[in-house]
Amino acid sequence: IIMSCSADGSVDRIVRKILRGMKSKPTQSTAGTPSTPPIPNNQNSMILVALLGHARCDNSAKMMKDTVFSHGRKFHKCLEASATISSSLNGVHVADRIEVQVELEGPDAP
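Notes on the structure in this doc start here. Since this is a predicted model, take the numbers as computed values, not measurements.

1. Description of the pairing of strand β2 (residues 46-53)
- Pairing of strand β1 (residues 2-4) with β2 involves three bridges; the strand directions are parallel. Across the sheet, the residue bridging to Ser4 is Leu52, located in β2.
- Of the pairings in the sheet, the one linking β2 to strand β3 (residues 93-101) comprises seven bridges and is parallel in character. Looking across to β3, one finds that Leu51 is bridged to Glu99.

In structure tokens, the structure reads:
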């Protein structure tokens, strides 16, 4: 999952809607038919979250990184909680998130 995070920490509207939905149903019961089909139990399945910031100078990137990536971090935390609770995500691992300032670090940066 690739998310663009703006300078004030805001993210796209759909991300906020997903966050509200995940927070409102943290203990979804396994009874009944889930809205999405279960993912096959595969130990190699994982979800990766990349948070993209758009700072143009190194100093502002360092000073504002907590603000810029705040909603992205919340999304990642909710995704981790949902993966441990939901039966439809059986066997899927939520990996650590990547936070990068795309204006400062190009695709060839290590």
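2. Looking at the layout of surface pockets
- Empty space within the second largest pocket amounts to approximately 170 Å³.
- Forming the walls of the second largest pocket are Asp58, Ala61, Lys62, Lys65, Phe69, Glu99, Val100, Gln101, Leu104 and Glu105.
- Breaking the lining of the second largest pocket down by element, the ones donating at least two residues are α2 (58-68) and β3.
- Among the elements that make up the lining of the second largest pocket, the one with the highest residue count is α2 (four residues).
- Along the lines of polarity and charge, the residues of the lining of the second largest pocket split into four nonpolar, one polar and five charged.

3. A word on the pattern of salt bridges
- Per the stated rule, a full pass over the model turns up four salt bridges.
- Among the ionic pairs, Asp58 bridges to Lys62, the shortest N-O distance being 3.2 Å. With Asp58 and Lys62 both in helix α2 and four residues apart, this pair spans about one turn of that helix.
- For Asp58, a relative accessible area of 45% puts it in the partly exposed group.
- Salt-bridge contacts for Asp66 lead to Arg73; the nearest nitrogen and oxygen are separated by 2.9 Å.
- Since its relative accessible area comes to 52%, Asp66 is described here as exposed.
- Sharing partners across several salt bridges, the network here consists of Asp66, Arg73, Arg97 and Glu99.

Rules and cut-offs
Sequence order as written defines the numbering, with residues in each chain counted from 1. pLDDT decides what is reported in this predicted model: residues at 70 or higher carry local features, side-chain atom pairs at 80 or more are listed and counted, and totals for whole chains, interfaces and linings draw on all residues regardless. The side-chain numbers reported here are obtained from all heavy atoms of the structure, hydrogens and water having been left aside. Two strands form a pair only when DSSP identifies at least two bridges running between them. Secondary structure elements follow DSSP: runs of H or I of four or more residues count as helices, runs of E of two or more count as strands, with numbering from the N terminus. Grid points spaced at 1 Å and placed over the protein atoms alone form the basis of the search, with a cavity being a set where a 1.4 Å probe fits but cannot get out and a pocket an open set showing protein on both sides within 12 Å along at least five of seven lines. Lining residues have an atom within 4 Å of a point. Grid points are joined across faces, edges and corners, and a volume is the space filled by probe spheres set on the points. Gly is placed with the polar residues, together with every amino acid not listed as nonpolar (Ala, Val, Leu, Ile, Met, Phe, Trp, Tyr, Cys and Pro) or charged (Asp, Glu, Lys and Arg). A pair is scored as a salt bridge if a Lys or Arg side-chain nitrogen falls within 4 Å of a carboxyl oxygen belonging to Asp or Glu. Residue exposure (1.4 Å probe, protein chains only): buried if accessible area is under 20% of the type maximum, exposed if over 50%, otherwise partly exposed.

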